[in-house]
Every structure is written in structure tokens, then in C-alpha cells.
Amino acid sequence: MLVDAYGRPLTDLRISVTERCNFRCFYCHNEGQGTPVASPGAPHGDEMTPREIERIVRVASEVGVRQVKLTGGEPLVRGDVEEIVRRLSPLVEVSMTTNGSMLEHRARKLKEAGLARVNVSVDSLRPEEFAEIRGGQLAPVLRGVKAALDAGLAPLKLNLVLYKEALRRLDEMIEYVGRTAGLELQLIQFMPEMAWQKAHAIDIREVHERLARLASESVQREMHHRRRYRIGEAWVELVDPVNNSDFCMNCHRVRVTHDGHLKGCINRNDGLVATRGLDDEGLLAALRRVVAERAPFYRPVLPTPRAV
Ligand code: SAM
């Protein structure tokens, strides 16, 4: 087990398999890079191969990594995601975050390849509003969600990025998730420092209070100390990283960029550690280094020592 200087064990990898995406979400932080995503058909010679991804995960699994989330860009713009899942699933639990637009005809194959769970970003249930926010169509996404549930990929989390205007859609989303077996709702606090739109920032305490008022019970997850609320039949989880030292102090995740760099924190793009061309020993050293150098982005404020 690799543990950093703040006592945080590394148990999760979040791997971006591509920078390419077929949607254009107005808020997109492109996995913390703050750069625009690439177009789906653009050349992708720098993307890691399935074999490269497998090797990173194999070495990481030997030192305690248990879960891997595939992300992007949009992972399903790659035709070989099923192969990636097939290679990883004997080693770790594999999940994926997708925009869902290409899920309908691939959900079953992904499940057969060993995918454990899938998150689908659904910011609105209204086609026009959805298209405005995401630069894509809602109908195929909802068909993808249904196909994933039919394939047994449950519980399936619908991701909703929370910014000021999105708060209006909250009740509708909770109600939708509550009446659809197998769905949960995951609210992701808008990360304004990455999307350059500070006007959209929200008061997350008010959201917690609103959910708590509606909830019959709530529990805290170990990961990031995220809170989950039971509202009617729906489970609603709040991912609230902004200015949250408790979130950072309970982060057990390292990211891997599409071109094979290890990244210790979503908010940092310095100190990336290259893995390409390394043998297993070199890979392990790279993992040790990124863990040794990782620090919580938001840190607890320690009391000023009293003079004695
Ligand atoms: N294309 C996939 C998708 O749409 O889910 C995966 C990549 S996307 C970058 C991964 C997650 O990051 C999505 O759930 C998305 O909603 C979230 N995200 C993107 N930009 C964000 C921002 N500025 N603040 C908070 N979450 C954001």
C-alpha cells in the first residue's frame, strides 16, 4: 500500500483514456486541465494503448489500488474501451464516466467485458436545455441509460454539475431518479476555478441544508467524506470539493492523463510524472514519486501555536 505524507493511502486511479469528446459542455474542465477537449475525429497518436493502461493498472494493483474509473474526454469515442475493460477487470473494479451518447449499443459488451458500474452525465431532462448545456442530444443518452440498466449496470449514477441555474433542476432530477429503479443521483459541485465562470459558483452549505431537510436519512462515504442523502426512493450524493479540506484529506485517488502522466490532484497540472517507456520497476517508482509528492489542495487550517 502506498501512503502519502498526509496518511492517505492510494486505492483508486482515475484514468483519462482520451481527450477527445463528441459533446461540448459549457462547464467542462477537461479533467482539470482547463483546456478545451479535442474533437472526436482528431488524431490520437498520444493516447495510451490498452496494453499501456493495463500495465499501469497491474503495477498499481500490486501496491493496493482496488478501483479504476475510466474517463475522458469521452471514453466511448474510443472503439477499444471494451478491450481496455476486459484487460483491467481481472485486476481491479472498473467503472466509467460517460456522456452516455454511445452507450446504447455498447452497454452489454461493456458489462460482459467486466465493467462494474457506469456514471452518465445528464444535466437536464429537457432536450433543448440539455443541448444548450452539453452541445449534444438528450434522447440517445437516455436510451444509453436504459440499455445500461437492462445490461445490469446498476446502480447507475446520473451526474449533474451543480451551478446556480442547475439548482432549478434539482427537484425534477431527484424525482426522476426516485421513480427509476437502479438510478442514483450524483451532484457535482461546479468547479469554477477551472471553468472560468465564477458567476456560477454556489453556496454548497445551502445545498446540503436543502437535501438534509428533504432526506429521511443520510450517510457519509469514506471516499472524500461525501455525503449521501435518502430522499423518497432516491439516493443523492453530493461531491463537494471546492474549498473543502475534509474532501481533500480523504482523497485516495491519483489520475492518469490520456498520454500516460500520473497526476496527484485534479487541481494541479505541475509535477506530472511520465510513465511512458518505463519498465515495471520504473512504473512503481513513478507511482511512489507521485504519491510522495501529493498534497491536499485545500488543507485544514491548523491553529496557530500559542507562545509558551
Ligand atoms: N465525457 C464524460 C462525461 O460526460 O461524463 C467523462 C468526462 S467528464 C470531464 C467527467 C465528469 O466531470 C462529468 O461528470 C462532468 O459532469 C464533470 N465536470 C466537468 N467539468 C466540470 C466542472 N467545471 N465542475 C464540476 N464537474 C465538472
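Rules and cut-offs
Residues numbered from 1 in each chain as written. Predicted model: local features only at pLDDT ≥ 70, side-chain atom pairs only at ≥ 80, totals over all residues. Heavy atoms only, no water. Pairing = 2+ DSSP bridges. Helix = DSSP H or I, 4+ residues; strand = E, 2+ residues; numbered from the N terminus. Contact = heavy atoms within 4.5 Å. Axes fitted to C-alpha atoms, helices over the stretch in contact; angles between N-to-C directions. Buried < 20%, exposed > 50% of the residue type's maximum accessible area, 1.4 Å probe, protein only.

With that settled, consider the sheet that holds strand 6 (residues 183-189). Read across the sheet, twelve strands follow the order 7-8-9-6-5-4-3-2-1-10-11-12 without closing on themselves; strand pairing throughout is mixed. Every other strand in the sheet has two partners, leaving strand 7 (217-220) and strand 12 (273-274) as the edge strands with one partner each. The pairing of strand 6 with strand 9 (residues 234-239) spans four bridges and is classified as parallel. Paired with Gln186 across the bridge in strand 9 is Glu237. Contacts from helix 1 (residues 50-62) reach strand 1 (12-16), strand 2 (67-71) and strand 10 (253-256) within the one sheet, and its direction differs from that of strand 1 by about 170°. Sitting on the sheet, helix 6 (residues 170-178) touches strand 5 (156-162), strand 6, strand 8 (227-231) and strand 9, and the angle it makes with strand 6 is about 155°.

Right, let's talk about the pairing of strand 10 for a bit. Regular strands place side chains that alternate from one sheet face to the opposite one. Neither face of strand 10 is left uncovered, since the one carrying Arg253 and Arg255 and the one carrying Val254 and Val256 both have all their residues buried. When strand 1 meets strand 10, the two strands line up parallel, connected through four bridges. Looking at strand 10, one finds that Ile15 is bridged to Val256. One ladder, built from two bridges, connects strand 10 with strand 11 (residues 261-263); its direction is antiparallel. Looking across to strand 11, one finds that Val256 is bridged to Leu262. Count of turn residues in the strand 10/strand 11 antiparallel hairpin: four residues, of which Gly260 carries a positive phi of about 85°.

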